[in-house]
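Each chain, letter by letter, is given below.
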Amino acid sequence: TVVRAIAKISGYATDRAHLGAAAAHEKHKFYGLQERPAALLEVCEMDSHPLDILVVDQHGRVLGKIAHLSVIFELHSLMVIGWDLSLTYPCAEKTLKAVRMAVVAVAGEEYQRGVMVSLVSDGGPENNNSSVATVLDRLGIKWTLPPPKSPNTRARIERWFETFELWLHEQAGTTFSNPEACGDYDSARHAC
């Protein structure tokens with residue numbers, strides 16, 4: 001593993017010299033090692049994700065892939081501390097519901113939740129708006145928006161969503177992301 005790590009870094013350095021920094025970053029997905037925070041609630045990551053599953057109403061009519069999940073992920077404990085599952089598109093209200101869940105202590109979880117020191121999110125409209133900025137400012141949370149199209153700055157929550165999708169694809173109504181993976185499974189018939 002040490003030899004592979006050195007080779008990867010060397011390849012990155014060579015490509016950076018030949019192709020430039022942006023092309024090398026894109027090719028190697030190399031943005032440096034992110035260390036785990038030393039303390040609980042020091043750094044959290046937030047993101048929203050459309051769920052790859054069909055939803056039907058109580059009469060069996062297919063509503064489509066309309067479920068969205070907003071998550072706040074605490075990087076020291078590697079736990080989801082706030083979330084909102086909704087059948088509407090992500091918006092500031094959904095983001096603020098996840099923030100409220102993350103900062104309000106629940107009996108038995110007093111040491112797992114609370115006001116975080118730093119929150120890293122993407123620049124989507126559900127996060128990057130005055131309502132969210134005002135609430136985070138009032139709570140004293142340092143809010144960081146990474147540059148556009150740089151998911152590796154929030155690598156742990158992106159990986160959490162990948163793992164969640166693997167579990168989700170075992171549930172009734174999954175669309176398996178593409179027709180080849182879905183095969184002859186009828187997502188609409190099995191949706192619930």
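The structure this text deals with has already been given above.
Remember, predicted model here, so these are calculated numbers, not experimental data.

Trainee: Go over the packing of aromatic side chains with me, naming the residues and quoting the values.
Mentor: Tallying each qualifying case throughout the model produces three aromatic pairs. Seen in terms of ring centroids, Trp 160 and Phe 161 are 5.2 Å apart; in terms of plane orientation they differ by 75°. Their pairing is edge-to-face. Residues Trp 160 and Phe 164 carry aromatic rings whose centres are separated by 5.2 Å and whose planes lie at 15° to one another, so their mutual orientation is stacked. With Trp 160 and Phe 164 both in helix α5 (residues 155–168) and four residues apart, this pair spans about one turn of that helix. An aromatic cluster of at least three residues, connected via ring pairs, comprises Trp 160, Phe 161, Phe 164 and Trp 167.

Trainee: Could you give an account of the sheet that holds strand β4 (residues 68–74), with specific residues and numbers?
Mentor: Here five strands make up an open sheet; going across it, the order is β5-β4-β1-β6-β7 and the pairing mixed. Of all the strands in the sheet, the pair left with one neighbour each is β5 (79–86) and β7 (142–144). Pairs of neighbouring strands in the sheet enclose a mean axial angle of 20°, with direction left out of account. Bridge count between strand β1 (residues 43–50) and strand β6 (residues 118–121): four bridges; the pairing is parallel. Paired with Glu 45 across the strands is Val 120, a residue of β6. Its contacts with the sheet place α5 against β1, β4 and β5, and it is angled at close to 40° to β1.

Reading the values: rules and limits
- Residues numbered from 1 in each chain as written.
- Predicted model: local features only at pLDDT ≥ 70, side-chain atom pairs only at ≥ 80, totals over all residues.
- Heavy atoms only, no water.
- Phe/Tyr/Trp six-rings, centres within 6.5 Å; stacked < 30°, edge-to-face > 60°.
- Helix = DSSP H or I, 4+ residues; strand = E, 2+ residues; numbered from the N terminus.
- Pairing = 2+ DSSP bridges.
- Axes fitted to C-alpha atoms, helices over the stretch in contact; angles between N-to-C directions.
- Contact = heavy atoms within 4.5 Å.

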